[in-house]
Amino acid sequence: MKVYISVDFEGISGSTSWNSTNLGDIEHGPLAREMTLEAVAACKGAIKAGATEIYVKDAHDSGRNMDLSLFPKEVKVIFGWEGSPASMVCGLDSSFDALMFVGYHSPAGSKGNPLSHTMNRRNNIVKFNGKIASEFLMHAFYGQSLGVPSVFISGDEALCGHVHEYNSHITAVAVKEGLGNATINLAPEMAQEKICEGVYHALLNKDKCHLDVPDSIELEISFKDHFDALRASFFPGVRMLDEYTVSYMAKDMNDLMTAKMFIL
Ligand SMILES: [Zn+2]
């Protein structure tokens, strides 16, 4: 069994401030260690479930947050950014049996996490066909378009509810909860234990975790600044809905993720 684990930062236990998400910040180190250990816990669960090939992507900001030395020997870790439409799941292809997400967070437009956002902090909300979309949804749909089911996610509690709107069989583990500009966090030992057990369980149920990807998707982005909407409007096929909002009708997920590279 060959599995892919994409790891973000704002949904790991303890992450609370924007400063802490920046490589080099004094708060970043201990949280980057927790990001590594939650990813390692997912790898251990996958190995227990029979995974023989595991690719882990450091998918936050610089893509250079985790400590390679702490991973089990079965794992290959992807650092940095390919610069392709695959974005936070670069290197994923149809040879993988399952896709998993660790440290993921609520999308822009959600109060589920003080660090809620979708790809960057320039937008207020991103929608697919009129419904709030997330980093999870875009990469899970992208994986599904390659035939790879998304079987597991860990992050904030509100994100788990969002994921279950698309498939209730996906194992979702909440390691933190947003409380206004505060967070309630599980102790690392508990968070890592739940992730390890969750991944093991998820891989045994992976065949129920396929998603229905719409035939075409209207990507709508509402920006905080009018000039970002103006800039995006010059991409071929993009329409301006109002001074802050643009829309792009994507013919498939590869088309959507390609447009996203330039307009989001
Ligand atoms: Zn993110």
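Now for a quick tour of the structure. From a predicted model like this one, the values you see are computed outputs, not experimental measurements.

### Re the sheet that holds strand S8 (residues 171–179)
Sheet architecture is open: seven strands sit in the order S3-S2-S1-S4-S7-S8-S9, paired in mixed fashion. At either margin of the open sheet sits one strand with a lone partner, and together these are strand S3 (75–78) and strand S9 (182–185). Recorded for the sheet is a direction-independent mean angle of 20 degrees between the axes of neighbouring strands. The pairing of strand S2 (residues 53–58) with S3 spans four bridges and is parallel. The residue of S3 that forms the bridge with Ile54 is Val75. Across the sheet, helix H1 (residues 28–48) lies against strand S1 (2–7), S2, S3, strand S4 (98–104) and S8, angled at about 160 degrees from S2, the strand it touches most.

### Some words on the packing of aromatic side chains
One pass over the full model with this rule turns up eight aromatic pairs. Where Phe101 meets Tyr104, the ring centres are 4.9 Å apart and the plane angle is 65 degrees; that geometry is what we call edge-to-face. Both residues of the pair, Phe101 and Tyr104, belong to the buried class. Measuring from centroid to centroid gives 6.1 Å for Phe141 and Tyr166, while their planes differ by 85 degrees, and the two rings are edge-to-face. Of the two residues, Phe141 sits in helix H2 (residues 135–145) while Tyr166 sits in the loop between helix H3 (157–164) and S8, which places them 25 residues apart along the sequence. Given a relative accessible area of 3%, Phe141 falls into the buried group. On the basis of relative accessible area, Tyr166 is assigned to the partly exposed category, the value being 24%. In this structure an aromatic cluster arises from ring pairing among Tyr4, Tyr55 and Phe96. Sitting over the face of the ring of Trp18, Arg121 holds its NZ or CZ atom 3.9 Å from the ring centroid.

### Here we look at the coordination of the zinc ion
Within the first shell, the zinc ion binds the protein through Asp8 (OD), His105 (NE2) and Glu135 (OE), at distances of 2.0 to 2.2 Å. We note that the donor set of the zinc ion lies within a single chain, spaced as D-x96-H-x29-E. Linking Asp8 in the loop between S1 and H1 with His105 in the loop between S4 and strand S5 (123–128), this pair joins segments that are 97 residues apart in sequence. Given the relative accessible area of 1%, His105 is considered buried.

### Some remarks on the pairing of strand S7 (residues 150–156)
With seven of seven residues buried, S7 is to be regarded as a mostly interior element. Bridge count between S4 and S7: four bridges; the pairing is parallel. Paired with Met100 across the strands is Phe152, a residue of S7. Looking at chain direction, S7 and S8 are connected through five bridges and run parallel. Note that in S8 the partner of Phe152 across the bridge is Thr171.

### Section: the sheet that holds strand S11 (residues 239–242)
Read across the open sheet, the five strands follow the order S6-S5-S10-S12-S11; overall the sheet is antiparallel. One side of each edge strand has no neighbouring strand; the edge strands of this open sheet are strand S6 (131–132) and S11.

### Topic: the environment of Gly91
As for its placement among the helices and strands, Gly91 is situated in the loop between S3 and S4. For the pair formed by Gly91 and Lys57, sequence separation is 34 residues and the distance between their alpha carbons is 8.9 Å. Contact partners of Gly91, with chain neighbours within four places excluded, come to Tyr4, Glu82 and Phe96.

### Re a nonpolar patch on the surface
Taken together, the side chains of Leu230, Phe234 and Met240 define a hydrophobic patch exposed on the protein surface, amounting to about 340 Å² of accessible area. With respect to the helices and strands, the residue Met240 is situated in strand S11. Residue class for Met240 comes out partly exposed when judged on its relative accessible area of 38%.

### Some remarks on the state of the cysteines
Evaluated as defined, the whole model comprises zero disulfides. We note that Cys90 lacks a disulfide partner, and the nearest cysteine sulfur, in Cys43, lies 16 Å from it. Residue Cys90 is classed as buried on the basis of its relative accessible area, which comes to 5%. Cysteine Cys160 is unpaired, with the sulfur of Cys209 as its nearest cysteine sulfur at 14 Å.

### A look at the pattern of salt bridges
Going through the model one piece at a time under the given rule, you end up with three salt bridges. Lys131 is paired through a salt bridge with Glu165; the nearest N and O atoms lie 3.3 Å apart. A residue pair is termed long-range when its members are at least 10 positions apart, and Lys131 in strand S6 and Glu165 in the loop between H3 and S8 qualify at 34 residues.

Definitions and cut-offs
- Residues numbered from 1 in each chain as written.
- Predicted model: local features only at pLDDT ≥ 70, side-chain atom pairs only at ≥ 80, totals over all residues.
- Heavy atoms only, no water.
- Pairing = 2+ DSSP bridges.
- Helix = DSSP H or I, 4+ residues; strand = E, 2+ residues; numbered from the N terminus.
- Axes fitted to C-alpha atoms, helices over the stretch in contact; angles between N-to-C directions.
- Contact = heavy atoms within 4.5 Å.
- Phe/Tyr/Trp six-rings, centres within 6.5 Å; stacked < 30°, edge-to-face > 60°.
- Buried < 20%, exposed > 50% of the residue type's maximum accessible area, 1.4 Å probe, protein only.
- Lys NZ or Arg CZ within 6 Å of the ring centre and 35° of its normal.
- Donors = N, O, S within 2.8 Å, 3.2 Å for Na, K, Ca; no water.
- Patch = residues over 30% accessible without salt bridge, like charges linked within 9 Å, V, L, I, M, F, W, Y side chains within 5 Å.
- Areas by Shrake-Rupley, 256 points an atom, 1.4 Å probe, with all protein chains shown as cover.
- Salt bridge = Lys/Arg side-chain N within 4 Å of Asp/Glu carboxyl O.
- Disulfide = S-S within 2.5 Å.

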